[in-house]
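# Per-entry structural report
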Amino acid sequence: MSSYVSLHTHSEYSLLDGLSKTKDLLAKCKEYDMPALAITDHGAMYGAIKFYLAAREADIKPIIGVEAYQAEKSRLDKQAAAERDIFHLILLVKNYTGYKNLMKIVTAGHLEGFYYKPRIDWEILEKYHEGIICTSACSEGLIGNYLSKNELTKAEETVRHLQAIFGEDNFYLEIQYHEGLDRVNEIYEHIKKLSRSLGVPLVATNDSHYTDKEDAEAQETLLCIQTQKTWLDKNRPLSMI
């Protein structure tokens, strides 16, 4: 039986969102015989070198990645409505060329596209796609957004666009399952249908933000600090896991 490898993992370097420390993540990989691990922090690579060195020392294959913030329109658009033009996209380094390109992508997001978040766009992806594997990310991705609004044609067009940029062997539709979040899980059911109809492979992930079940409340508190909410606020955002 093949081992599970987490390809959507947030460390403490997903600031005010991820709770997991690198050493704890690698210890968990050892515990469950996971041969590799990807770190995909939000919009940045702050922890990439620390993670890479620690993983190599632990004899676990390090996969450097980012959960990028993608603008549907332009990263250069910084008008009022642009604060809502922020969607998630997973980018994973495939080789050294991909590592250099991911650094360029992240840099462009911070120096050129920053508006509430370090945003990239289609132009940046087309320019620096070589050596990178892409997945459609969580339900907050552009594809998930279209599916949540029943805009199936736009969702299909986005799948094709990403596949054309990264190549058929380097783009995957991402699925997850979150108990009790029916609306979110429904989006992933639609993504499964897209996979079958368009012939795009699936990858199962877990959008991990903390290491152990007992850490859940601490991570929720961290998220409250980020979003300026309290535990009593019924409309506060919930952690996926």
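I will try to describe carefully the structure that is included in this document. Computed from a predicted structure; not experimentally measured. (Residues numbered from 1 in each chain as written. Predicted model: local features only at pLDDT ≥ 70, side-chain atom pairs only at ≥ 80, totals over all residues. Heavy atoms only, no water.)

### A closer look at the overall build of the chain
Looking only at helices and strands, one finds 8 helices and 8 strands in the chain. Relative to a compact globule of 241 residues, whose C-alpha radius of gyration would be 18 Å, the chain shows 17 Å and is just as compact. C-alpha atoms of the chain, sized along the principal axes, occupy 45 × 45 × 40 Å. Across the 241 residues in the chain, those meeting the buried criterion constitute 51%. Counting only contacts in the chain whose residues sit at least 6 apart along the sequence, the fraction spanning at least 24 positions is 73%. Accessible surface, the chain as shown: approximately 12,600 Å² in total, 52% of it carbon and sulfur. (Helix = DSSP H or I, 4+ residues; strand = E, 2+ residues; numbered from the N terminus. Rg over C-alpha atoms; globule rule 2.2 N^0.38 Å. Buried < 20%, exposed > 50% of the residue type's maximum accessible area, 1.4 Å probe, protein only. Contact = heavy atoms within 4.5 Å. Areas by Shrake-Rupley, 256 points an atom, 1.4 Å probe, with all protein chains shown as cover.)

### Details of the state of the cysteines
Taken as a whole and assessed by the stated rule, the structure comprises 0 disulfides. Counting only cysteine sulfurs, Cys 134 is the nearest neighbor of Cys 138, a cysteine outside any disulfide, at a range of 12 Å. Cysteine Cys 224 remains unbridged, with the sulfur of Cys 138 as its closest cysteine sulfur at 18 Å. A relative accessible area of 7% places Cys 224 in the buried class. (Disulfide = S-S within 2.5 Å.)

### Details of unusual backbone geometry
For Asp 59, which is not a glycine, the phi torsion comes out positive at approximately 60°. Position of Asp 59 relative to the elements: it lies in the loop between helix 2 (48-57) and strand 2 (61-70).

### Some points on the environment of Tyr 4
Along the chain, Tyr 4 falls in the segment before helix 1 (22-31). On the accessibility criterion, Tyr 4 (38% relative accessible area) is partly exposed. Considering only alpha carbons, one finds Tyr 4 and Cys 29, 25 residues apart in sequence, at a separation of 9.5 Å.

### Here we look at the packing of aromatic side chains
Counted by the stated rule, this structure contains 2 aromatic pairs. Their ring planes at 25° and their centres at 6.4 Å tell us that Tyr 96 and Tyr 99 sit as a pair that is stacked. Remark: Tyr 99 and Tyr 96 occur in helix 3 (residues 96-111); sequence separation between them is 3 residues, near one turn of the helix. For Tyr 99, a relative accessible area of 18% puts it in the buried group. A centroid spacing of 4.9 Å and a plane angle of 80° characterise the contact between Tyr 115 and Tyr 116, whose relative ring orientation is edge-to-face. With relative accessibility at 53%, the residue Tyr 116 sits in the exposed group. (Phe/Tyr/Trp six-rings, centres within 6.5 Å; stacked < 30°, edge-to-face > 60°.)

### Some details on helix 7 (residues 182-198)
Here helix 7 is 17 residues long and its end C-alpha atoms lie 24 Å apart, about the 24 Å a rise of 1.5 Å per residue gives. Among the residues of helix 7, Val 184, Asn 185, Ile 187, Tyr 188, Ile 191, Leu 194, Ser 195 and Leu 198 are the ones counted as buried. Seen from one end, helix 7 has its buried residues packed into an arc of 155°, which puts them on one side. Across from the buried face of helix 7, at angles greater than 90 degrees, the exposed residues are Asp 182, Arg 183, Arg 196 and Ser 197. Its buried side turned inward, helix 7 meets helix 5 (142-148), helix 6 (152-166), strand 7 (171-175) and strand 8 (202-204). At the C-terminal side of helix 7, Gly 199 shows a positive phi close to 70°. (Expected span 1.5 Å × (residues − 1). Arc of directions from axis to C-beta.)

### A word on the side chain of His 8
As for its placement among the helices and strands, His 8 is situated in the segment before helix 1. There is a polar contact of 2.6 Å between the side chain of His 8 and the side chain of Glu 174. His 8 has contacts with Thr 40, Glu 67, Ile 90, Cys 138, Glu 174, Gln 176, Thr 205, Asn 206, Asp 207 and Ser 208, leaving out every residue within four places of it along the chain. (Polar contact = N/O pair within 3.5 Å; in protein donor to acceptor, adjacent residues only side chain to side chain.)

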